[in-house]
Amino acid sequence: MSTDDQRSELQNGDANPEPDSDLNTPEHTTIQSTDNVEDNSSPIQSNDNDKSPQVVDPEPATQVSDTQNPIESKDNEQLQKDEGNRTFTMRELLNELKNGDGDQESQVSAGTDAVTPRRSQETTQHTEKNSAAMELINSITGSDEEGRSRQRILTFAAKRYASAIERNPDDYDALYNWALVLQESADNVNSDTSSPSKDALLEEACKKYDEATRLNPTLHDAYYNWAIAISDRAKMRGRTKEAEELWKQATNNYEKAVQLNWNSPQALNNWGLALQELSAIVPAREKQIIVKSAISKFRAAIQLQFDFHRAIYNLGTVLYGLAEDTSRTGGTMGGHDVSPNELYSQSAIYIAAAHALKPNYSVYTSALKLVRSMLPLPYLKVGYLTAPPVGQPIAPHCDWKHTQFVLNHEGLQQIHNGEQRHMVSGSNGRPAIKIDIPDIVSVSACQDLSLPPGPAICIDTIHGPTYLIAESWEYLDTWLDAIRLVYTIFARDVR
């Protein structure tokens, strides 16, 4: 473990780090390392201007795969409406424009005029709101031809959804899709012109999401994208009281999104990020509770998707920040016996795993250089577990021994006192538990009255299960994650 004067904090990067993107450390921070990256003894040097740990920002505003169009909305439950009044998805609108169906815009206007005599007072109010939103969208000018072309598509989509809402104010699909248009338009604002502020567009998007979710409280995608819009507004306000309130709103909406769709690692990851941002603003007495909550969200995201490198990396950064805080205060995490050095080591495990999954991401590479000295190289993790005698997975409690284990890319190995650490099977030492990574079937926490008291790990292999007892529930989580991450990286390499 490096000393305090050698330790440099992780740096900020963009939302979606690309292999060649500009995600290097700021000019006022210098990171030096030796040419031989295998030499883990070289210190990491920085100047006095330490920066806070880097996080990977939330997912894009729509939950779509990389192969889908970036502004396509996710389909929701369909209203029972006739074909003439149905709303269009963003994919349909884009396809129409690509196929030369631009005359649809005039058809929308004609349809709107035809229903004017039937408008109620509520419809009139929607029309006024729609006009204000359209004014914002119509005043946007892209910074280049691509941006202008994209904005023309968004403007056409906005008119389509505005028309649908005027015909049917209870059309929550149209409200949701229009909110997406406003949110995408906010990203298309050219700050060098007289375009409306990004914040005004995001505020309008939030209003549409609010209306859509009041009409249909089960729209989990609406809560998810609403939370992203609120988060973007919070980022514009720095470390202010107003930003604190916005981050709280964002976390509440992420919570609702997860409650409605628990199987969303992206929502859990973003929820963790919002909590991490909130922890930097709240009073110190509240910070650790919020940080621990963020850790639980990142960990839950990883458990849903073991190769979710963003959540893995973000968990590393939040643990790094927690290690810094506990190191300054001289305490331990939540009163439990998890030292700052252990937190730094845990942080390094997740950052190393993220780098292994995405080695071309420069932000991960830079972060790994900062934390390499915190890993127990040549191993990924070293710690103590209570284990049964070799070959006796269920043995009398008195026969279980508290011994050291090491984990690397090959497997998990028990190390007896006084023996040299190695991973070679059939050594001259005492019989030891050895679990090869390729043999693992599953890894999970377990509860069994036949086991000694304490948080238990079950590592099921092709040869049968192995049971181990961790020192605490906090250590149990780190062992589970470390073994799963090593297996995930192994499984990816053999595909």
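Since the structure is predicted, the reported quantities are computational estimates derived from the model, not experimental observations.

A. Focus on the packing of aromatic side chains. Inspection of every chain in the model, using the stated rule, returns 7 aromatic pairs. Their ring planes at 45 degrees and their centres at 5.3 Å tell us that Y361 and Y364 sit as a pair that is tilted. The same class applies to Y361 and to Y364, which are both buried. One aromatic cluster is present, formed by Y313, Y361 and Y364 through successive ring pairs. If you follow K208 out to its NZ or CZ, it ends over the ring of W178, 4.3 Å from the centre.

B. Layout of helix α12 (residues 340–357). For α12, which comprises 18 residues, the first-to-last C-alpha distance of 26 Å matches the rise-based estimate of 26 Å (1.5 Å per residue) to within 8%. Buried residues dominate α12, accounting for 16 of its 18 residues.

C. Highlighting the pattern of salt bridges. Considering all chains together, one arrives at 17 salt bridges under this definition. A salt bridge links K235 to D232; the nearest nitrogen and oxygen atoms lie 3.9 Å apart. One end of the pair, K235, and the other, D232, are both in helix α7 (residues 220–235), 3 residues apart, so they sit about a helical turn from each other. The shortest N-O distance in the salt bridge between R299 and D481 comes to 2.7 Å. Here R299, found in helix α10 (residues 284–304), pairs with D481, found in helix α14 (residues 473–494); they are 182 residues apart in sequence, far enough to count as distant. Take R299: its relative accessible area is 11%, and that puts it in the buried class.

So, how was this worked out
Per chain, residue numbering runs from 1 following the sequence as it is written. Predicted model: local features are reported for residues with pLDDT of at least 70 only, side-chain atom pairs are reported and counted for 80 or more only, and whole-chain, interface and lining totals are derived from all residues. For side-chain calculations, the full set of non-hydrogen atoms in the structure is used, while hydrogens and water are omitted. Any Phe, Tyr or Trp ring, taking Trp's six-membered ring, that has another such ring centre within 6.5 Å forms a pair; planes under 30 degrees apart are called stacked, those over 60 apart edge-to-face, and the others tilted. Buried, partly exposed and exposed residues are distinguished by accessible area as a fraction of the type maximum, computed with a 1.4 Å probe on protein chains only: under 20%, between the cut-offs, and over 50%, respectively. Only lysine NZ and arginine CZ atoms are considered, and such an atom sits over a ring when it is within 6 Å of the ring centre and within 35 degrees of the ring normal. Each helix is a run of DSSP H or I of at least 4 residues and each strand a run of E of at least 2, with the numbering of both proceeding from the N terminus. A helix is expected to span 1.5 Å for every residue after the first. Salt bridges are identified by distance alone: a Lys or Arg side-chain nitrogen within 4 Å of an Asp or Glu carboxyl oxygen.

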